[in-house]
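Tertiary structure, described
Given next are the chains, with one letter for each unit.
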Amino acid sequence: MATQGYGLFATEPNANEALECNICGAECLVERNLPVPLGFIAAMAGLDKPRDKFYDEFSCPNLKEKWHKQAVKLVKEIQKTPSKRIAHLMQQDLEDLLKENTDQS
Ligand SMILES: [Zn+2]
């Protein structure tokens, strides 16, 4: 299961036309007006008090790719580490990884 917030987002219905993946920048696939599972949605970012019983789910098309999972891990580690130097190194790894795997042409 993908982690909410890393290439996977829930929003209120039609709140967003399109979203870009915050990991790799790809345009997310969207499924609109999905039924909200009770007790689940409250935990989701930005949906503390959903007015509706439906939500839109945006997910990165690369979410299941191995490199994308690795990128998510790097992003999490960068956020977690107290060391600026390690964060900087991991940031470079992340940039290389994305460069190698996203089609820039
Ligand atoms: Zn992505």
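Residues numbered from 1 in each chain as written. Predicted model: local features only at pLDDT ≥ 70, side-chain atom pairs only at ≥ 80, totals over all residues.

Overview of the environment of Y55
Note on placement: Y55 falls in strand 3 (residues 54-59). Each C-alpha atom, one on Y55 and one on N33, is 5.0 Å from the other, the two residues being 22 residues apart in sequence. (Helix = DSSP H or I, 4+ residues; strand = E, 2+ residues; numbered from the N terminus.)

Some remarks on the sheet that holds strand 1 (residues 8-11)
Two orientations exist for strands paired in a sheet by backbone hydrogen bonds: parallel and antiparallel. Strand order across the open sheet formed by 3 strands is 1-3-2, with antiparallel pairing between neighbours. Each edge of the open sheet carries a strand with a single partner, namely strand 1 and strand 2 (29-35). Across the sheet, the mean angle from the axis of one strand to that of its neighbour is 20 degrees, orientation sign disregarded. As defined by bridge partners, strand 2 adjoins strand 3 across 5 bridges and the pair is classed as antiparallel. For E31, the partnering residue across the bridge sits in strand 3 and is E57. (Pairing = 2+ DSSP bridges. Axes fitted to C-alpha atoms, helices over the stretch in contact; angles between N-to-C directions.)

Observations regarding the nonpolar core
If you look at the biggest cluster of nonpolar residues, it comprises 16 residues, and the most contacted ones within it are C21, I23, C24, C60 and A71. Elements that contribute at least two residues to this core include exactly strand 1, strand 3, helix 1 (66-80) and helix 2 (84-101). Both domains that furnish three or more residues to this core are identified here as domain 1 (8-59) and domain 2 (66-101). Among residues more than four places away in sequence, those in contact with C60 are G7, L8, C21, I23, C24, A26, C28 and H68. (Core = buried A, V, L, I, M, F, W, Y, C linked by C-beta atoms within 7 Å. Buried ≥ 20, exposed ≤ 12 C-beta atoms within 10 Å, placed from the backbone. Domains from an automatic or database assignment. Contact = placed C-beta atoms within 7 Å.)

Side note on the pairing of strand 3
A regular strand carries its side chains on alternate faces of the sheet. Inspection of the sheet shows strand 1 paired to strand 3 by 4 bridges, in the antiparallel sense. Within strand 3, the residue paired with T11 across the bridge is D56.

Some details on the packing of helix 1 against helix 2
Axes are the key here: two packed helices are described by the angle between their axes and the distance separating the axes. At a closest axis distance of 9 Å, the pairing of helix 1 and helix 2 adopts a crossing angle of 160 degrees. For the element pair helix 1 / helix 2, the angle class is roughly antiparallel. For the pair helix 1 and helix 2, the sense of crossing is left-handed. Within the contact between the two elements, helix 1 uses W67, Q70, A71, L74, V75, E77 and I78 and helix 2 uses A87, M90, Q91, D93, L94, L97, L98 and N101. Across the contact of helix 1 with helix 2, the residue classes tally to 10 nonpolar, 3 polar and 2 charged. (Parallel < 35°, antiparallel > 145°, perpendicular 65-115°, else oblique. Left-handed = near helix turned anticlockwise from the far one by under 90°. Nonpolar A, V, L, I, M, F, W, Y, C, P; charged D, E, K, R; others polar.)

Some details on the environment of T81
Residue placement: T81 occurs in the loop between helix 1 and helix 2. The residues touching T81, leaving out its near neighbours within four places in the chain, are I86 and A87.

A short note on the environment of V30
Turning to its location among the elements, V30 is positioned in strand 2. Looking at V30, the number of C-beta atoms within 10 Å reads 15, which means it is partly exposed. Look past the residues within four positions of V30 in its chain and what remains in contact with it is D56 and F58.

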